[in-house]
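Listed below are the residues making up each chain.
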Amino acid sequence: MTTAVVTGASSGIGAATARLLAAQGYRVICAARRADRIRALAEEIDGVAIECDITSDDDVAGLADAVGGSLDVLVNNAGGALGLEPVAEADLDAWSTMVQTNLLGTTRVTKALLPALVGARGVIVFVTSTAADSGYEGGAGYCAAKAGERAVVESLRLELYDQPVRITEICPGMVRTDEFALTRFEGDEEKAAAVYRGVPDPLTAEDVADAIVWMATRPAHVNIDRLTIRPRAQAAQHKVYRES
Ligand code: 8X3
């Protein structure tokens, strides 16, 4: 049976990807910090729940133990944004958390699971962001963390050019999920809602999951290096159509 690991599987893009992979016949190992959520998801999709904080060496070692010697798909989805303050007012603790999760946590998971992925001729899908493309006002900490994650993707693909493993990256733009913007604004529902106000159809978690699963299920010789996905209303990072 083919096996997939999805990090950050407790909500949003991660949960939607876990569901879709399961529907395609994968045994899905759902990894996240919130045990109650991933247990419920694993029960729903007949998968496995592994409580895992990707910033913890011990937790990630436990995830690698649960995976064993063979892994077909790793979806590096855990991460996120904190704050939208200008550099002049940077909250460096928040920046540190973003680097610890998006960059270092994702690298920790990748390192730990790489032997199993190579063994199975597997594929890694890194969920970065259009924030990795360039800076935007208030986004420096998040953009830096995601650009750093992209650097890992690029180096890894070169380092493993002669190995049977595919290294891919998906860069979502505006996606309305239950938690991304709420987390960014520390639970402030007004600020979170303003991100999507008037935008006819932001992407959903399912839209992105659909693309991730497509990338992961290409034939073994096909590598989707990088895929940018935005809603039609977002022609570029700052060029967003909003109905008034
Ligand atoms: C989400 C895209 O524009 O909020 O990763 O940085 S953005």
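So, how was this worked out
Residues numbered from 1 in each chain as written. Predicted model: local features only at pLDDT ≥ 70, side-chain atom pairs only at ≥ 80, totals over all residues. Heavy atoms only, no water. UniProt positions renumbered as here; feature names shortened; annotations may be inferred. Helix = DSSP H or I, 4+ residues; strand = E, 2+ residues; numbered from the N terminus. Expected span 1.5 Å × (residues − 1). Buried < 20%, exposed > 50% of the residue type's maximum accessible area, 1.4 Å probe, protein only. Pairing = 2+ DSSP bridges. Right-handed = clockwise from strand over helix to strand, strands pointing away. Near = heavy atom within 4 Å. Polar contact = N/O pair within 3.5 Å; in protein donor to acceptor, adjacent residues only side chain to side chain. Areas by Shrake-Rupley, 256 points an atom, 1.4 Å probe, with all protein chains shown as cover. Nonpolar A, V, L, I, M, F, W, Y, C, P; charged D, E, K, R; others polar.

Naming follows an unreviewed UniProt entry, where the protein appears as Oxidoreductase of Tessaracoccus lapidicaptus. Per its UniProt entry, the protein bears the Sequence similarities (unreviewed entry) comment "Belongs to the short-chain dehydrogenases/reductases (SDR) family."

(A) Representation of helix H1 (residues 12-23) in the model. The end-to-end C-alpha distance of H1, which contains 12 residues, comes to 17 Å, matching closely the 16 Å that a straight helix rising 1.5 Å per residue would cover. Among the residues of H1, Ile-13, Gly-14, Ala-15, Ala-16, Thr-17, Ala-18, Leu-21 and Ala-22 are the ones counted as buried. Gly-25 lies just past H1 and shows a positive phi near 100°.

(B) Structural view of the pairing of strand E1 (residues 3-7). Among the 5 residues of E1, 5 are classified as buried, and the element is accordingly described as predominantly covered. In this sheet, strand E2 (residues 27-32) lies alongside E1 in parallel orientation, the contact comprising 5 bridges. Each bridged residue has a counterpart across the sheet, and for Ala-4 the counterpart in E2 is Val-28. Handedness of the E1-H1-E2 crossover: right-handed.

(C) Main features of the site of the ligand. Taken together, Ser-129, Thr-130, Ala-131, Tyr-136, Tyr-142, Pro-172, Gly-173, Phe-180, Arg-184 and Gln-237 make up all the residues around the ligand. Measuring from an oxygen atom of the ligand, one finds a side-chain N or O atom of Ser-129 at 2.6 Å. Computed on the free molecule, the ligand has an accessible area of 250 Å², of which 83% lies beneath the protein chains in the complex. When the residues that make up the shell around the ligand are grouped by side-chain class, the tally is 5 nonpolar, 4 polar and 1 charged.

(D) Layout of unusual backbone geometry. Positive phi values are uncommon outside glycine, yet Asp-46 reaches one of about 60°. Within the secondary structure, Asp-46 sits in the loop between helix H2 (35-45) and strand E3 (48-51). Phi is positive for Glu-186, which is not a glycine, with a value near 50°. For Glu-186, the position within the fold is in the loop between helix H6 (180-184) and helix H7 (189-196). Judged by relative accessible area, which is 77%, Glu-186 ranks as exposed.

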